[in-house]
Amino acid sequence: NIGLADDLVGDFNGVKAVNREEACLYAFNTLKATMVEYDNNNNSVTVNGITFGYLSYTEHTNGLPTPSGATYGVVYLDDRDTIARQIAAMRPNCDVLVVSAHWGTEGTHVVNDFQKDTAQWLADQGVDLIIGTHPHVTQNAAWLTGANGNTALVVYSLGNFINAQSSPDNVI
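Being a predicted model, the structure only gives us computed values, none of them experimental. (Residues numbered from 1 in each chain as written. Predicted model: local features only at pLDDT ≥ 70, side-chain atom pairs only at ≥ 80, totals over all residues. Heavy atoms only, no water.)

**Structural notes on the overall build of the chain**
Phase 1: Across its full length, the chain holds 3 helices and 9 strands.
Phase 2: Starting at the N terminus, the α and β elements of the chain follow one another as β-β-α-β-β-β-α-β-α-β-β-β.
Phase 3: Taken over 172 residues, the chain has a buried fraction of 40%.
Phase 4: Accessible surface computed for the chain: about 9,600 Å², of which carbon and sulfur atoms make up 54%. (Helix = DSSP H or I, 4+ residues; strand = E, 2+ residues; numbered from the N terminus. Buried < 20%, exposed > 50% of the residue type's maximum accessible area, 1.4 Å probe, protein only. Areas by Shrake-Rupley, 256 points an atom, 1.4 Å probe, with all protein chains shown as cover.)

Listed below in structure tokens is the structure:
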């Protein structure tokens, strides 16, 4: 997950990023090293001839504002006009459209109404895969049917893979 729409937007790889471009450069160089074709103009990556478009949004930043003068920012999940425009622009450029959603309540396996409503709305916009982050524990996955009959897989929360949290629920 190279999404930067989360509550750690100003802190990348344990080092404060000067700007979004610096943080993205680290992620893109990592992709390049894995022999994956990344299109910086379209936020897409092509693997074995399949182009994945990637967008990332957040529900909140834990009360942390974007620093004044910052050249980066996040799009919040309640800004549906912006998200709809970005999805519409990305959809023709990819085979699979992936959205990373930083959402939910920390520490609970229960999917909340905001997550469910937003996931359905994203499926209705034509998103194929919704990857949830933030709760630090796993949550359910589900297949959704979008407004146009498309199917979308939502994983409400992946949990933690590498972290400093030691509770059994936070370590998978």
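**Comments concerning the nonpolar core**
Phase 1: Ranked by internal contacts, the top residues of the largest apolar core, which has 23 residues, are Ile83, Trp103, Leu122 and Ile130.
Phase 2: Counting residues per element, the ones that place at least two in this core are strand E5 (50-58), helix H2 (80-90), strand E6 (96-102), helix H3 (113-124) and strand E9 (151-155).
Phase 3: Considering every element that reaches this core, the biggest residue donor is H3, with 4 residues.
Phase 4: For isoleucine 130, the contacting residues outside a window of four places in its chain are Val99, Ala101, Trp103, Ala119, Leu122, Ala123, Leu153, Val154 and Val155. (Core = buried A, V, L, I, M, F, W, Y, C linked by side-chain atoms within 4.5 Å. Contact = heavy atoms within 4.5 Å.)

**Thoughts on H2**
Phase 1: Residues of H2 that are buried include every one of Thr82, Ile83, Ile87 and Met90, and no others. Angularly, the buried residues of H2 cover 130 degrees about the axis, an arc narrow enough to put them on a single face. Residues of H2 that are exposed and point over 90 degrees away from its buried face: Asp81, Arg85, Ala88 and Ala89.
Phase 2: Structurally, H2 contributes buried residues whose contacts are with E5, E6 and H3. (Arc of directions from axis to C-beta.)

**So, the pairing of E6**
Phase 1: Across the 7 residues of E6, 6 count as buried, placing the element largely inside the fold.
Phase 2: Read from E5 through H2 to E6, the crossover connection turns out right-handed.
Phase 3: As paired strands, E6 and strand E7 (residues 129-133) are joined by 5 bridges and run parallel to one another. Note on E7: the bridge partner recorded for valine 99 is isoleucine 130. (Right-handed = clockwise from strand over helix to strand, strands pointing away. Pairing = 2+ DSSP bridges.)

**Regarding the pairing of E7**
Phase 1: Taking the sense of rotation as the criterion, the β-α-β connection linking E6, H3 and E7 turns out right-handed.
Phase 2: Here E7 pairs with E9 via 3 bridges, running parallel. Residue pairing for E9: leucine 129 is matched across the bridge by leucine 153.

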